[in-house]
Amino acid sequence: MGLLSDPDVGSAKWVRVLKRVHGPVCFLCYVGALVWFVLLGHRDFNNETYFSENALLPGLVTNEFNAEQSASQYYNELLLELETKYEEMDVMPVSWLVGMMSHIHLEVYTHNFTLHYPLGRGQVFRGTNVYGILRAPRTSSLEALVVSVPYRNVGSHQKTTAAGIALMLAFAKFARPQKYWAKDIIFLVTQHDQLGMQAWLEAYHGLHNENEPFHASLGSFWKPGTPAFNMESFFPNIPLRRNHKKALNPGTLKGRSGSIQAAILLEFSTPQIRYIEVKIEGLNGQLPNLDLVNLVHKLCQKSGIHHSFAKSYSWIRGRDSMDEWKNGFWTMFEMVLGQIDGVPDGNHGLFHRFGIEAVTLEGRDELDPGGKVPRVNSLSFCNFYKLGIALESILRSLNNLLERFHQSYFFYILASTHRFISIGQYMPSLCLLCVAMLIRALSLWVTTLQQDGDYNDKQTKKVTTKSSKHKLEKAKDSDSEEPGEQETQEVKKVKTPEKKKATINMSVLNIGVNYLLLHLIGYGVMNTPFILSYYGSLYYNKPPEVSVYFGIISIAVLLIFITPFLPYMLRKGPITYEELSLVNILVLTELSTVCLSVAMQNFSLGFAIAVIYTPLALMTSVYVKGSGKARACVQLLKRVWCVCVHPLVVVVASMVAYSRTLVADDTWLATLGRGSDAAMQAIMFSVADSMLYGNWLFNLTTSVILPIWLIFWQILNIKVDAP
Amino acid sequence: MDFLRRFLSYCIFFTFFLCVRCDEFREELFFKPLPSTHLYSYFQFVTLVDSEVSSFHSHLAPRSLAEVVSRFQVEELHLTLTEGQWRHHQWGYPVLDAAPGAELYAWFSPDVTDVDTQWKKLSATLSGLFCASLNFIDSFNTVTPQMALWPMGAVKSSQNVTSQLRYASLPREIVCTENLTPWKKLLPCESSRGFSALLNSRMIHNTNYHSVGVHVRKVCKSSDCLETQLEFKQTVALIYDYDIIKSNDWSFRKLFGQGLPGACPLSTDSKIYVDVTSNSTQPFTLSPPPDNIILSQRGRTDTKLAVYNIHPDGKMINIGVKHKTKSQIPVSIHPPLFFNRYVLGYGKEFGGIVTEITNNCLAPINVVVLENAPWWLPIQLSTLRVNGEAESKLVQSQYYSPGRSRQKPYHLELLIKLPPKSTTTITIDFEFVFLKWQEYPPDANHGFYIGSALISANLPTARNYTSLPITGTTFDSVINDTKLWYPIVFRTNGAMVSLPTPDFSMPYNVICLACTVVALAFGPLHNICTKELVLKPSGTSLSLTQKLLNLFKKKKD
């Protein structure tokens, strides 16, 4: 605080140095952050993975899995069943699954759930999950492990999971007569992919109660009555929240086990896979404990199955350190890209919010989309035996766990299947970006302060000389006067003129209201999809994605035109340089805080925001009237850049780039069209994800990033008089 | 020769006991196949002693236990040590239910004024007797149930029994051989003869569920109840899983690792009962064939019991069952009343406990539900909801005693009328609290156990009911015992929560680091403090006077 109140601050040496060098320092920080990040892929900057939890004892048991025959039998039976009875139907073979599971003597239950789609016309989807519980002997069902397979019907665009179901059933059959289980095992087949999983998890944790006791209100992001700012009271005629109900009604479970310690999800379409991809990214970028990831990789290796993670392949080793660096960086980069959207890349991602560590094992062969896999054809095919052995050893290892996963890392980036970067190693790169913004804010602060100081310099000097004289006289007069009191008087005297000056130049209220209003606009935009989709379907008969997409575009354009004039509406006089600088400082601080706090949960998202917005934040400066043509040109360029990093533009641009990578041989116009379509879908997905699963991305972008962007836009568009 | 010796010894034994004839010992074994591939076997060893006889003159009754009972003036005592969970909705009801872990409750005689002190002493003594951690029973995990528990024995009708009752359960207790061995020592034949010879710890600790219990109560000697007897009942309940024993044909050899070497010579009666009601649907044969088959009608439920009278002749008996067909998928019919208990919510801030009770009967059932939450799990009465309603008409009576941190558990009892064919959900919320760092148990991240809730009910039907009537001591009392109500006390399953736990590896690391630093620093410091560095002149040695002079010279400088 000394810095904020010290009148001599302008003359301090470091302030002068700061003012001179802050530009290059900020630039260096930015470049340094990027370089740091790139360096993380190198061997010397990351670590070999290791087991922290000794109780896992991976691979110490003698594998006994012998149910490969029944696995292939289940596989053939399931395929036959699907062909004869369920062909081209979006129905799960519930009776078959129930029959098979009760034949193995599991406790079998079904679970029904309903989704009232919150957007558009409010369609209703129903689904059924089937699960069987293997009760461990000699325990009172306090802990459980989950083995789950998402059911995908033959006609779906994704691969089926028939072999996964067969493997799971065969494993259940093998595991049922074993007496060593210390934790119950829940074998779960979910319908509608993530929806079924989310419904099952919510039902398991009891987030469905009608009257919402407080343990239940911690569930999904969208809840009736959660926001204190209730839009509905303002617009009673507009149906903001359909039916006042949560979109997903998870139903109830008839049977349960104890607290779930870990979950393994299987996605195998055929047993003839070449390798297993271990998927870890969860909702909002949450990750499973590194011990579990490590365990899965180690045990795949031990069972003789090739495994991979995000283009890091267990059978490919870099030729030299440069090659390894390149591979490591691309794996890292892939993982970061995957984490940005916060959408889980498998059903495992929904477990993480409930404090359950989960990973998905996906079987892949050479025909997989998403890039060519090197030397995949030379790999031998996998079979049910190997997969069963792997599953058995993973589960028996988890069975050994005495405590829930708490050791090892929860925040990390993987550079390959066996190397990781911990939070302590990757955070500095983000911190450098935020430091750049903070340095910029500090330099702005001392600049405004010094300008005040210059203005007051003469006055201040007079006052000090006067007061010192006064003091001398007083000291002569009476000894009883305490020195401290004098000094406080003195300080008061010194300060008063400065304060006056401040009230003249700056109205904190006006800019504060403007600041708050922009954030409220952001909050409003966050709530628009309801209204947009409602009116879109009512008047234009458009599907919700179209109405939401074009609605948001028009809102964004409208805001671009309105917001520069917003501060003028709230005040009479012109905006001063000091005010705008203060806004600039505030927004810089806010952006850096947001980046850091988002990165605490989802590093990739925080880092991406920082990388995109730091240049804008650093180059934004208050434009003074009549500063010359060159400055005006630069200002124009800054505005163009600002539009380029508008959140919506960023989304569309990244979608275009993504579709370009998918289909490279296409005209640019077609790519643009496809990218726009993809952006439409992406926005719709993020809105729906935010409502159903509690994904933050849409909420964060509209209620935090958009207002920050609008403030930058204001600063760039308002011309002020020279101070 | 051997036979003669044995015969003589028997003669001596019997003449001795026949002339004293104040103690009576009976052993019984009950088998019942349970739906979904399980087999229930229940051992019961009952010793009846005249109450008036001093505990120092016990003959068949376990003297150590009798002494404890008389010393602490215990009227009735129930102790069970259980591993595993009885699954009521699948298996039906056990003869005696038990909570997972250790459970102890006792009524003290009305003469005892300071019940809490006696209770503490009793639990500490029993802890030594059974090698169980019952000494962890303290005021912070003891409750006095108001409605849920009633004495099973004979008490005077005017007596205030509730204030003399204490109940505690230790859900984390693990039961093993070390508890079984002292338990077996209480039997007159120990484990050498009789049914207890079957209790081979290698086999019984491998079952799906095993529960060892000791129950002491007063029973009436005659119907007018002028004289009472002390009944010591020792029980073992085991559940075998056909899948784990790899076939649904069982025999003593398969279950217990050996045959039965005859009855205990000291017992007046040794009987084995096998429930053969399911024989009509899943035909099987018993070998050797039973002595007789009794048809018992209890309520409107028919039960067929095959009875074996076992004699103390030392012959190896291996009773077994052979099924005619391969096991079919069993259709499990839910019992009249079943329940489920689980923890709601996630995260480390709030949670809720739910007890779901389903009444499957056509008549309403009154039940008392006792929720017993430890002090570190503060349940709040304001959050109590029955079927989602704060003020439910189903609740007829309610007792709540709030807990106190580190002193008293939270205790809630509800008398609920369950409507026919319905499920009632009782929800109560709790907050997580921070413990002091020394209060965390080892493996703190394993989670914290919440004990079972007690549900005591009067069932209107005897379906799935296997308990003995309250006046009965042995299994014959079950036969044709039709009553209006069938009282039973259930224990629900427990639950586990993970409290906010600090990173214990951090203090460990700090300790390691600090110790290393201290160890490293200690050596040099000790050296510096105790040793003196002296320059040894290489030339001629100085004389003493010169040394002294040198000292003074230095000081001058």
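Residues numbered from 1 in each chain as written. Chains lettered and ligands numbered in written order. Predicted model: local features only at pLDDT ≥ 70, side-chain atom pairs only at ≥ 80, totals over all residues.

## What about the overall build of chain A?
Looking only at helices and strands, one finds 20 helices and 15 strands in chain A. Across the 723 residues in chain A, those meeting the buried criterion constitute 46%. Counted over contacts in chain A with a minimum sequence separation of 6, partners at least 24 positions apart contribute 82%. (Helix = DSSP H or I, 4+ residues; strand = E, 2+ residues; numbered from the N terminus. Buried ≥ 20, exposed ≤ 12 C-beta atoms within 10 Å, placed from the backbone. Contact = placed C-beta atoms within 7 Å.)

## Quick word on the overall build of chain B
Secondary structure summary: chain B contains nine helices and 27 strands in total. Taken over the C-alpha trace, chain B has a radius of gyration of 31 Å; the compact-globule value for 557 residues is 24 Å, which it surpasses by more than 25%. Across its three principal axes, chain B shows a C-alpha extent of roughly 115 × 75 × 55 Å. Residue burial in chain B is summarised as follows: out of 557 residues, 43% are buried. At a minimum sequence separation of 6, the contacts of chain B that also span at least 24 residues come to 78%. (Rg over C-alpha atoms; globule rule 2.2 N^0.38 Å.)

## Notes on the nonpolar core
In this structure, Ala 166 and Leu 167 of chain A are the most contacted members of the largest nonpolar core, which totals 183 residues. Counting residues per element, this core draws most heavily on helix α20 (residues 697-717) of chain A, at 14 residues. When residues no more than four places from it in sequence are discounted, the contact partners of Ala 166 of chain A are Ala 71, Tyr 74, Tyr 75 and Leu 78 of chain A. Of all hydrophobic cores here, the second largest spans 131 residues; its members include Leu 48, Ile 365, Ile 379 and Leu 418 of chain B. (Core = buried A, V, L, I, M, F, W, Y, C linked by C-beta atoms within 7 Å.)

## Some points on the UniProt feature "transmembrane region" (unreviewed entry) in chain A
All names here are of chain A. Taking the UniProt record as the reference, the feature "transmembrane region" (unreviewed entry) is found at residues 21-39, 426-446, 502-526, 546-568, 580-599, 605-624, 636-658 and 696-716. Secondary structure across residues 580-599 divides into 100% helix and 0% strand, with the first and last C-alpha atoms of the span separated by 28 Å. Across residues 636-658, the secondary structure splits into 91% helix and 0% strand, with the terminal C-alpha atoms separated by 29 Å. (UniProt positions renumbered as here; feature names shortened; annotations may be inferred.)

## Focus on the environment of Phe 522 of chain B
On the secondary structure map, Phe 522 of chain B appears in helix α8 (residues 505-530). The exposure class assigned to Phe 522 of chain B is exposed, which follows from the 10 C-beta atoms found within 10 Å.

## Concerning the domain arrangement of chain B
Split into domains, chain B comes out as domain 1 (23-334), domain 2 (337-484) and domain 3 (505-556). Relative to domain 3 of chain B, the C-alpha centre of domain 1 of chain B lies at a distance of 72 Å. (Domains from an automatic or database assignment.)

## Examining the pairing of strand β22 (residues 410-418) of chain B
All names here are of chain B. With respect to burial, β22 is a largely interior element, seven of its nine residues being buried. Here nine bridges tie strand β19 (residues 365-373) to β22, and the two strands are oriented antiparallel to one another. When the bridges of β22 are listed, Asn 366 appears paired with Lys 417. As paired elements, strand β21 (residues 395-401) and β22 share six bridges and run antiparallel to each other. Opposite Ser 397, over in β22, you have Leu 415 as the bridge partner. (Pairing = 2+ DSSP bridges.)

## Some words on the interface of chain A and chain B
Chain A puts 33 residues into the contact, and the matching count from chain B is 37 residues. The residue makeup of the side of chain A that touches chain B, split by class, is nine nonpolar, 16 polar and eight charged. (Nonpolar A, V, L, I, M, F, W, Y, C, P; charged D, E, K, R; others polar.)

## Regarding the domain arrangement of chain A
All names here are of chain A. You can read the domains of chain A as domain 1 (1-23 + 429-472 + 484-505), domain 2 (54-318 + 326-403 + 411-417) and domain 3 (506-723). Inter-centroid distance (C-alpha atoms) of domain 2 to domain 3 is 36 Å. Contacts between the two partners involve 28 residues from domain 2, matched on the other side by 28 residues from domain 3. If you list the elements that add at least two residues to the side of domain 2 that touches domain 3, you get α6 (194-204) and α8 (321-340). By residue number, the principal contributor to the side of domain 2 that touches domain 3 is α8, which donates three residues.

## Re the sheet that holds strand β25 (residues 454-459) of chain B
All names here are of chain B. Reading across the sheet, the five strands line up as β21-β22-β19-β25-β26 and stay open at both edges, with antiparallel pairing between neighbours. For this open sheet the edge positions go to β21 and β26 (486-491), each flanked by a neighbour on one side alone. Going across the sheet, the axis of each strand differs from the next one's by a mean of 15 degrees, ignoring polarity. The pairing of β25 with β26 spans six bridges and is classified as antiparallel. Across the sheet, Asn 458 pairs through a bridge with Pro 487, a residue of β26. (Axes fitted to C-alpha atoms, helices over the stretch in contact; angles between N-to-C directions.)

## What to know about helix α9 (residues 384-399) of chain A
For α9 of chain A, which comprises 16 residues, the first-to-last C-alpha distance of 22 Å matches the rise-based estimate of 22 Å (1.5 Å per residue) to within 8%. Most of α9 of chain A sits inside the fold, with 15 of its 16 residues counted as buried. (Expected span 1.5 Å × (residues − 1).)

## A closer look at unusual backbone geometry
Residues Ser 287 of chain B and Pro 288 of chain B are joined by a peptide bond in cis, for which omega reads -10 degrees. Looking at the secondary structure, you find Pro 288 of chain B in the loop between β12 (284-287) and β13 (292-298). One non-glycine residue, Leu 57 of chain A, adopts positive backbone phi at about 40 degrees. Its place among the elements puts Leu 57 of chain A in the loop between β1 (47-48) and α3 (68-85).

## Thoughts on the environment of Asn 294 of chain A
All names here are of chain A. Inspection of the secondary structure puts Asn 294 in helix α7 (residues 290-302). Take Asn 294: there are 24 C-beta atoms within 10 Å of it, and that puts it in the buried class. Separated by 123 residues in the primary sequence, Asn 294 and Thr 417 place their C-alpha atoms 8.0 Å from one another.

## Here's the deal with the confidence of the model for chain B
The predicted coordinates ought not to be read in detail in places where the model reports low pLDDT. All names here are of chain B. Averaged over chain B, the pLDDT score is 86; the fraction of residues at 70 or greater is 92%. Here residues 15-20 scores under 50 on pLDDT; set against residues more than four positions off or in separate chains, the count is three contacts. For this predicted complex, the interface score ipTM comes out at 0.86, alongside a pTM of 0.87. (pLDDT = per-residue confidence, 0-100.)

## Focus: the confidence of the model for chain A
Residue and element names in this part refer to chain A. Of the residues in chain A, 84% have a pLDDT of 70 or more, and the chain-wide mean is 83. In the model of chain A, helix α11 (residues 483-505) stands out as the element of lowest mean pLDDT, 45, in contrast to strand β5 (residues 184-190), which has the highest, 95. Note on residues 1-5: pLDDT under 50 across the span, and one contact to partners over four residues away in sequence or across chains. Here residues 471-503 is modelled with pLDDT under 50, and outside its nearest four sequence neighbours on either side it reaches 19 contacts, counting other chains as well.

## Some details on α8 of chain A
Residues and elements named next belong to chain A. Spanning 20 residues, α8 covers 28 Å between terminal C-alpha atoms, matching the ideal 28 Å at 1.5 Å per step. Next to the buried residues of α8 lie β9 (307-309), β10 (312-313), β12 (412-416), β13 (419-422) and α16 (603-619). Backbone geometry just after α8 places Gly 342 at a positive phi near 70 degrees.

## A short note on the packing of helix α17 (residues 629-644) of chain A against α20 of chain A
Residue and element names in this part refer to chain A. Where α17 meets α20, the axes come as close as 10 Å, and the angle between the chain directions of the two elements is 165 degrees. When the interaxial angle is binned, α17 and α20 end up roughly antiparallel. You can see that α17 and α20 cross each other, and the crossing is left-handed. Within the contact between the two elements, α17 uses Gln 635, Lys 638, Arg 639 and Cys 642 and α20 uses Phe 712, Trp 713, Leu 716 and Asn 717. Within the contact of α17 with α20, the residues separate by chemical class into four nonpolar, two polar and two charged. (Parallel < 35°, antiparallel > 145°, perpendicular 65-115°, else oblique. Left-handed = near helix turned anticlockwise from the far one by under 90°.)

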